[in-house]
Amino acid sequence: MSIPSFNEIIEQNDQTEARAASLDAIAALVGNVYPNKFSRTAASGVEDTITALKHFATVADVESRMAEIKASLGEGERPPADKKDALNEKLKALGTVRIAGRLTTPTRGNFVHLTDGVNKLQVYCNKKGPLALIKNDGSDSVDEENGWALWQLLDHGDLIGAEGYLFVTNTGEVSVHVEKLQFLAKAMLPMPDKMHGIADPELQRRFRYADLIASTLQIEHEGLTTREVFERRAKLVSRLRRFLDDAGFIEVETPMLTPKATGAAAKPFETHHNALDIPLYARVAPELYLKRLVVGGFEKVYELNRNFRNEGLSQRHNPEFTMLEFYIAYMDVNGMMDFAVTMIQDAVAKANNGGLTVKYGDNEIDFGKFERISMLDAIAKYAPGVEVDDNNIITAFDEHVEHHLIQPTFIVDYPKSISPLSKADPSNPNFAERFELFINGMEVANGFSELNDPKEQYERFVDQMSERERGDEEAMILDEDYIRALSYGMPPAAGIGIGIDRLVMLLTNKHSIRDVILFPHMRPEKGSGGVEE
RNA sequence: GGUCCGAUAGCUCAGUCGGUAGAGCAAGUGGCUUUUAACCACUGGGUCGCAGGUUCGAGUCCUGCUCGGAUCACCA
């Protein structure tokens, strides 16, 4: 395989050539074009971001005062000079600020915005100066003459540092009057379209970095920006962790590479360990490891991490997906449903600005109430004429019921035959004490009263193994060590697995799982050497 | 894997009945310089996804392929 040249990786065209020329000219002015640091000092007195500066009390106050003044003005009217001057006094008293960020689209002439990804702050440079540039030779020495020359060489998307004082413009926007400018890094590639961002979903996912840049440079957008989607995702995940930690759980990490892929009905990825010369499988579920820990005395235990399933890709399926799985000793399936509702409501509210209702496509989903209905009752309700027996119950459910379950609904009483790790319902031995949570027709969670009788568990595995021999590739594999663990005695316990990606889809009004995973699986790029032709 | 839709300038997109390849943004040059996405003037920029076919002539019609999206099947 030949190593591609830089110019093959970064396709050369008029845009990149112009930027390369700009970079050469900047190098002639400042020296090293990739300096190692820029000290950001904002008015709040700490190493600060633009966002922190904008939220700093004095700045925020000036902005809100100016907003009031502007609200009282007519179309095209400018804020009165005396009021502006008074606010400028307050800003000037803050002294010099040093901010850094990416250059957004130049508006006109000397004005441009710098963004730290979250917020923007306008900066202003005056040709008549004084405008110095900070040299990048490590000495922090200043070239008093060439600030304007550097300013003119900058491109949309370049990263710069700016030092100056805050002021309010004639139109009432708080800005930095730049006195010193430092070049920090070059955007060799043109920025995404300022109005549309990156429109092609393939390119959004493939070039996620550019998609995220577009989130902060784009002028208008519908729905959440990509950045906001992942901020919301992060908020949800951190809130779920917090909730469990506060409830006395321990977070653990169990093997991702396992000698046996079991604990869920799924096809695994296979790899090979060279030193041991054995096959290893990317885990399809952490379930059996976590229950070993319940045996060991971790009565409340959770893992929030990736699982891997070697199956088809779809709007709702990525080969690796994030699952929150947890177990509570001495609890049964009903207690688990109660607990899960409280936890999900807490996390949804925190990630959704306090609200429990979410717009998803044409539906409004209300996380305020979760229904519970048995699988048989659900089939009777949505497919009244359909005769159900052991063999067709799941098919009937999938075909006739699933897509009706828009509002959060626990389907309970699953056939035992398809629930090899869950306890049977004592009053109805053909059924398991198991639920799945459906929202918008999508399976979001799966939980049950955990089977803790080692002999029965062994028999269930044996049944699975014979299913396997009959050709069901996804039937579970007997895990002998798990049987041994259960034989030490596991307390009664309830467990649940929650599909985090799908929950995030619901909270962000995204209809493809690939839009809530930063780097979803894609086919290799053509000519990247990823595939032999 | 089946079906439907799409691929045109760096980006977002037009392109009528088959008849010289278009716009906005971005880029370049010059002007303006307290502006709020889009200031003014000029300029450069195309293997119309790939390969065939029909035709005097194909971005446009036909066939195959590649890649993507939607949807069905399968799955969580």
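Residues numbered from 1 in each chain as written. Chains lettered and ligands numbered in written order. Predicted model: local features only at pLDDT ≥ 70, side-chain atom pairs only at ≥ 80, totals over all residues. Heavy atoms only, no water.

Caption draft 1: Fine view of the pairing of strand 20 (residues 442–449). Taking burial as the measure, the eight residues of strand 20 include six buried ones, the bulk of the element. One ladder, built from six bridges, connects strand 19 (residues 428–439) with strand 20; its direction is antiparallel. Paired with E436 across the two strands is N446, which belongs to strand 20. Hairpin geometry of strand 19 and strand 20 is characterised by an intervening segment of two residues between the two adjacent antiparallel strands and by a positive phi of about 50° at N440. When strand 20 meets strand 21 (residues 493–499), the two strands line up antiparallel, connected through five bridges. Opposite A445, over in strand 21, you have I498 as the bridge partner. (Buried < 20%, exposed > 50% of the residue type's maximum accessible area, 1.4 Å probe, protein only. Helix = DSSP H or I, 4+ residues; strand = E, 2+ residues; numbered from the N terminus. Pairing = 2+ DSSP bridges.)

Caption draft 2: Spotlight on the sheet that holds strand 10 (residues 270–273). Strand order in the open sheet formed by three strands is 9-11-10, and the pairing between neighbours is antiparallel. Each edge of the open sheet carries a strand with a single partner, namely strand 9 (257–258) and strand 10. For strand 9 and strand 11 (residues 278–282), the ladder comprises two bridges, and the chain directions are antiparallel. Paired with T258 across the bridge in strand 11 is Y281.

Caption draft 3: Representation of the nonpolar core in the model. Within the largest apolar cluster, 49 residues are counted, with the highest numbers of intra-cluster contacts made by L324, F326, M343, F367 and I498. It is helix 11 (residues 333–351) that contributes the most residues to this core, 11 residues altogether. Not counting the four nearest positions on each side in its chain, M343 is found in contact with L240, F243, L244, L324, F326 and I498. Counting residues in each nonpolar core, the second largest holds 35 residues, with V112, L131, W151 and L166 among its members. (Core = buried A, V, L, I, M, F, W, Y, C linked by side-chain atoms within 4.5 Å. Contact = heavy atoms within 4.5 Å.)

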